[in-house]
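Topology and contacts: notes
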Amino acid sequence: MIPQNILVVNQPLNNRGDEAAHRALIHGLLKSFPEASIVVLSFEDHNNYIADFIVDDSRVEYNRFMFNRSYRMHDVLVGSTQMGCTKFATRIHPLLRHLLPIYQKADIVVCAPGGICMGGFQSWQHLFFLQLAKELNKKIIYYSRSIGPFPESTWLNRRFRDVSYNLMRYFSFLSLRDRKSEIWAKNISVSFIPTVDTAFLEQPKVVIPESIRQNLKEKYVIFVPNQLTWHYMYKDVPNSNVEALFINTMKILRKEFLEHQIVMLPQICSLGDRGDYSFFVKLKERCGDDNVYVVPDTYGSDIQQTIISKASMVVGARYHTIVFSINNEVPFMAFSYEAKITGLLEVLGMQDHLIDITQSLNEQKEICALEEKIASRIKYLRNQSVSNKKAIDIAGRCLDCMKETIQKL
């Protein structure tokens, strides 16, 4: 098959890392199938969050799928997926039925790269857009995702697991971006292509805007914390504990990089006070360090990667911050807060760059116990060379394999 119409669904928004992965995927699809038209479905995107991601090409259309009233659209799509009547509910709902011509026109449906929506976050909306494609007999490409874990304590947990497993067995192409996800797939005997993050397909270099350059010092290190309590694993962790970890880390960075500026790059964007920027400013003020610059969250992933490429070191608790560091061959230390960071670095043989914090945030004494480990790891890693070659090769092979798979359909 040489697809003429490609539908991209489940695009994560509000994240500069997902922006980079999106741009790389769309560029890869256009290069692989230059005659194809691509529709990116950005479901109920009333705030136009997709505007940060747009690839400006006449072959690419962004459909925000908005209406003045919802008629409980989200409830219907979740409920229909749980009850196994996705296509039926879509046909009878006054708004969801508008999805049908979009799907029917598509030769293939591609699930955009992203995190553990099929797993820890238990996103029924994520499953809906895949299940609808399955019930309409569409070929599905599940590209460079993380999956798992699949808890089984409730009926909904088990139902989510079953729908997910059935979908994975149906996919025409499944690629997984970390070692932990691969283990989940192997446990249920699902075929997959091992890969890494899609952002490794491109190494963008752009001109840093003057509005940023006038605030950047010649020597700087990048620091990217993470609020963490949004994550299901940390919902019971006090905010004060999270802040203490990162304020302590800033102080360690200041001691190790006395003459450097600390630059903080917000990865979560377009969410106002719910994003990274206000959290980073709060940490800066509490740390009391005047030589800290928080870059506004209005600058895109290409600019962020260019800033990172000129840094002396990166310390981050965001997955794509670590991806950007490796992609630009900058020394880094990663706070591992969930399996995808650990899994990525296991694939690349970079486990020594990890500080595992999954069991270290419940008590202040546990955070204090981490300080010496963080300080010694930063001191060791700051002079360790980083190569992006393996990651680039793996990402490129995955794209080639997807193209070959589609051509054989």
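Relevant structure appears above.
Fair warning: this is a prediction, and the values are worked out from it, not measured in the lab.

Within strand 12 (residues 332-336), 5 of the 5 residues are buried, which leaves it mostly tucked inside the rest of the structure. Of the two faces of strand 12, the one holding Phe332, Ala334 and Ser336 and the one holding Met333 and Phe335 are both buried throughout. Bridge count for strand 11 (residues 314-316) against strand 12 is 3 bridges, and the pairing is parallel. In the sheet register, Gly316 faces strand 12, and the bridge partner there is Ala334. Direction of pairing for strand 12 relative to strand 13 (residues 354-356): parallel, over a ladder of 3 bridges. Each residue of the ladder has a partner; that of Phe335, found in strand 13, is Ile355. Read from strand 12 through helix 13 (residues 339-347) to strand 13, the crossover connection turns out right-handed.

The parallel open sheet is built from 6 strands, whose spatial order is 10-9-8-11-12-13. Lying at the two open borders of the sheet, with one neighbouring strand each, are strand 10 (292-294) and strand 13. Within the sheet, the average angular offset between the axes of one strand and its neighbour, ignoring direction, is 20 degrees. Where strand 9 (residues 261-264) meets strand 10, 3 bridges bridge the pair, whose relative direction is parallel. Bridging across to strand 10, Met264 finds its partner in Val294. Against the sheet, helix 13 touches strand 12 and strand 13, its axis set at about 135 degrees to strand 12.

Glancing now at the nonpolar core. By size, the foremost hydrophobic cluster in this structure holds 75 residues, and its most contacted members are Ile222, Phe246, Ile326, Phe335 and Leu345. Of the residues forming this core, the biggest block, 8 residues, is contributed by helix 9 (residues 239-256). Counting residues in hydrophobic clusters, the runner-up holds 42 residues, among them Met73, Leu95, Tyr142 and Phe192.

Strand order across the open sheet formed by 7 strands is 3-2-1-4-5-6-7, with parallel pairing between neighbours. The sheet is open, and its two borders are formed by strand 3 (60-63) and strand 7 (193-194), each paired with just one other strand. Relative to strand 4 (residues 108-111), strand 1 (residues 5-9) runs parallel, the two being bridged by 4 bridges. Among the inter-strand pairings, Leu7 is bridged to a residue of strand 4, identified as Val109.

Attention now goes to helix 15 (residues 389-408). Here helix 15 is 20 residues long and its end C-alpha atoms lie 29 Å apart, about the 28 Å a rise of 1.5 Å per residue gives. Turning to helix 15, its buried residues number three or more, namely Ala391, Ile394, Ala395, Cys398, Leu399, Met402, Thr405 and Ile406. Along the long axis of helix 15, the arc covered by the buried residues comes to 135 degrees, so they all point the same way. What points out from helix 15, more than 90 degrees from its buried face, is the exposed set Lys389, Arg397 and Lys408. Residues of helix 15 that are buried make contact with helix 1 (16-32), strand 4, strand 5 (139-145), strand 6 (173-176), strand 7 and helix 13.

The subject of this paragraph is the pairing of strand 3. Because side chains alternate across strand 3, one face comprises the buried residues Val60 and Tyr62, and the other comprises Glu61 and Asn63, none of which is buried. As defined by bridge partners, strand 2 (residues 37-41) adjoins strand 3 across 4 bridges and the pair is classed as parallel. In the strand pairing of strand 3, Leu41 is matched with Asn63.

A few words on a nonpolar patch on the surface. A cluster of nonpolar side chains, namely Met83, Trp155 and Leu156, defines an oily patch on the protein surface of about 350 Å² accessible area. Secondary-structure assignment places Leu156 in helix 6 (residues 155-170). On the basis of relative accessibility, which here comes to 36%, the residue Leu156 falls in the partly exposed class.

With that settled, the discussion passes to the state of the cysteines. Summed over all chains, the structure comprises 0 disulfides. We note that Cys111 lacks a disulfide partner, and the nearest cysteine sulfur, in Cys117, lies 7.9 Å from it. Left unpaired, Cys269 is separated from the closest cysteine sulfur, that of Cys117, by 16 Å.

Conventions we followed
- Residues numbered from 1 in each chain as written.
- Predicted model: local features only at pLDDT ≥ 70, side-chain atom pairs only at ≥ 80, totals over all residues.
- Heavy atoms only, no water.
- Buried < 20%, exposed > 50% of the residue type's maximum accessible area, 1.4 Å probe, protein only.
- Helix = DSSP H or I, 4+ residues; strand = E, 2+ residues; numbered from the N terminus.
- Pairing = 2+ DSSP bridges.
- Right-handed = clockwise from strand over helix to strand, strands pointing away.
- Axes fitted to C-alpha atoms, helices over the stretch in contact; angles between N-to-C directions.
- Contact = heavy atoms within 4.5 Å.
- Core = buried A, V, L, I, M, F, W, Y, C linked by side-chain atoms within 4.5 Å.
- Expected span 1.5 Å × (residues − 1).
- Arc of directions from axis to C-beta.
- Patch = residues over 30% accessible without salt bridge, like charges linked within 9 Å, V, L, I, M, F, W, Y side chains within 5 Å.
- Areas by Shrake-Rupley, 256 points an atom, 1.4 Å probe, with all protein chains shown as cover.
- Salt bridge = Lys/Arg side-chain N within 4 Å of Asp/Glu carboxyl O.
- Disulfide = S-S within 2.5 Å.

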